[in-house]
Amino acid sequence: MLTLDPKTTALVLIDLQSGILSLPVTPHSSQEVLAKGRKLAETARAAGVCVALVHVGFAPDFADAPPHNVDSPLSTATALPANWSDLAPGLQQEGDLVILKRQWGAFTGTDLDLQLRRRGIRTIVLAGIATNFGVESTLRHAWELGYDVVVPEDACTSLNKEMHEMTITHVFPRLCRVTTTQDIGFSA
């Protein structure tokens, strides 16, 4: 069991929102990841841990979206459904930080780092969708900012099993501690 100090730890959940949860993901279903995220959030809140819910959204004309002039864009959609960036129903609770991002990572262009540092956070438990996009981008930036990061593998998933496994096996161990949701506890 990995026991983390609730006073200096934050739970950061990435993209547990309507549009992302509707995508086909693997190796864990979006509903499994949402359930693990909910359980982590309940446990964290009960221990007094800061909970940050991060979701991605763009203007209807995508003027605030990153450039799409890439070899393999994620989507060719011209418009997103109205509820695309809405957090999963019931996920947000009073006192949670809610961060809207406009790219994969949760730090660039947001006040997440400022909000965490003002609360004395040094450790981040990081989970969500997609392992090798939003979670990995946030993890890399958190590591560069000097945060200690813990990733519960069973609370992350991706668009492709191979991408998830490659990231969990080869990238994350160089940047954080990889564990499972059941092996995370909070105690002063």
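Before reading further, recall that the structure is shown in the block above.
On a predicted model such as this, the values are computed, not experimentally measured, just so you know. (Residues numbered from 1 in each chain as written. Predicted model: local features only at pLDDT ≥ 70, side-chain atom pairs only at ≥ 80, totals over all residues. Heavy atoms only, no water.)

## Focus on helix α2 (residues 30–47)
Stated precisely, the cut-off is as follows: A run of H or I in DSSP counts as a helix once it spans at least four residues, and a run of E counts as a strand once it spans at least two, with each numbered from the N terminus. A helix is expected to reach a length of 1.5 Å times the quantity of its residues less one. Under the scheme applied here, a residue whose accessible area is under 20% of the maximum for its type counts as buried, over 50% as exposed, and between as partly exposed, the area being computed with a 1.4 Å probe on protein chains only. This arc is built from the directions going out from the helix axis to the C-beta atoms.
An ideal rise of 1.5 Å per residue puts 26 Å on 18 residues; α2 measures up with 26 Å between its terminal C-alpha atoms. Every buried residue of α2 is listed here: S30, V33, L34, G37, L40, A41 and A44. Angular distribution of buried residues about the axis of α2 spans 125°; they occupy a single face of the element. Turned more than 90 degrees off the buried face of α2, the exposed positions are Q31, K39 and A46. Residue G48 follows α2 closely and has a positive phi angle near 85°.

## Quick word on the packing of helix α4 (residues 131–144) against helix α5 (residues 161–171)
When two helices pack together, their arrangement is given by the angle between the helix axes and by the axis-to-axis distance. Convention followed: Axes here mean lines fitted to C-alpha atoms, for a helix over just the part in contact, with angles spanning 0 to 180 degrees between N-to-C directions. For classification purposes, angles smaller than 35 degrees are called roughly parallel, those larger than 145 roughly antiparallel, those between 65 and 115 roughly perpendicular, and all remaining angles oblique. The contact definition used throughout considers only heavy atoms, calling two residues in contact when any of these lie within 4.5 Å.
Where α4 meets α5, the closest approach of the two axes is 10 Å, and the angle between their N-to-C directions is 25°. As judged from the angle between their axes, α4 and α5 are roughly parallel. Between α4 and α5, the residues in contact are T131, N132, E136 and R140 and M163, H164, T167, I168 and V171, respectively.

## Side note on the side chain of T123
Along the chain, T123 falls in strand β5 (residues 123–129). Not counting chain neighbours up to four residues away, the residues in contact with T123 comprise L4, T8, T9, A10, D148 and V150.

## Some details on the pattern of salt bridges
Applied cut-off: Here, a salt bridge means any side-chain nitrogen of Lys or Arg that lies within 4 Å of a carboxyl oxygen of Asp or Glu.
Per the counting criterion, the structure on display carries 8 salt bridges. With a shortest N-O distance of 2.8 Å, R117 and D113 are connected by a salt bridge. Residue R117 and its partner D113 are located together in helix α3 (residues 112–118), separated by 4 residues, close to a single helical turn. Its salt-bridge partner being R177, residue D148 comes within 2.6 Å of it at the nearest N-O pair. Of the two residues, D148 is situated in strand β6 (residues 148–152) and R177 in strand β8 (residues 177–179); the sequence distance between them amounts to 29 residues. For D148, a relative accessible area of 33% corresponds to the partly exposed category. Among the residues examined, R177 registers a relative accessible area of 34% and is labelled partly exposed.

## A closer look at the side chain of D15
As a reminder of what qualifies: Distance and chemistry together define a polar contact, namely a pair of N or O atoms within 3.5 Å, with one atom able to donate a hydrogen and the other to accept it when in protein, and with adjacent residues in sequence counting only for side-chain atoms on both sides.
Note that D15 resides in the loop between β2 (9–14) and α1 (18–21). Among the polar contacts made by the side chain of D15, one reaches the main-chain amide nitrogen of V56 at a distance of 3.5 Å. Side chain to side chain, D15 and K101 meet in a polar contact 3.1 Å long. Each residue touching D15, except ones within four places of it in the same chain, is listed here: I20, V54, H55, V56, K101 and I129.

## Observations regarding the environment of A127
You can see A127 is positioned in strand β5. You can call A127 buried: its relative accessible area is 1%. Between the alpha carbons of A127 and S22 there is a distance of 17 Å; along the sequence they are 105 residues apart. Residues in contact with A127, not counting those within four places in the same chain, are V12, L13, I14, V135, P152, A155 and C156.

## With respect to the nonpolar core
The tendency in soluble globular proteins is for nonpolar side chains to be buried side by side. Put simply, the test is: To qualify as a nonpolar core, a set must consist of buried Ala, Val, Leu, Ile, Met, Phe, Trp, Tyr and Cys residues joined through side-chain atoms within 4.5 Å.
Judged by nonpolar contacts, the single largest core of 57 residues is most densely connected at L116, I124, L126 and V149. Excluding its chain neighbours within four sequence positions, the residues that come into contact with V149 are I124, L126, L139, A142, C176 and R177.

## Some remarks on the packing of aromatic side chains
To describe a pair of aromatic rings, you give the distance between the ring centres and the angle between the ring planes. Put simply, the test is: Aromatic rings from Phe, Tyr and Trp, with only the six-membered ring used for Trp, were paired whenever their centres fell within 6.5 Å, and each pair was classed as stacked if the ring planes differed by under 30 degrees, edge-to-face if by over 60, and tilted otherwise.
Scanning the entire structure with this criterion turns up 2 aromatic pairs. On the basis of an interplanar angle of 50° and a centroid distance of 4.6 Å, the ring pair of W104 and F133 is categorised as tilted. With W104 in the loop between β4 (97–101) and α3 and F133 in helix α4, this pair connects stretches of sequence that are 29 residues apart. Residue W104 is classed as partly exposed on the basis of its relative accessible area, which comes to 44%. Owing to a relative accessible area of 14%, F133 belongs among the buried residues under this scheme.

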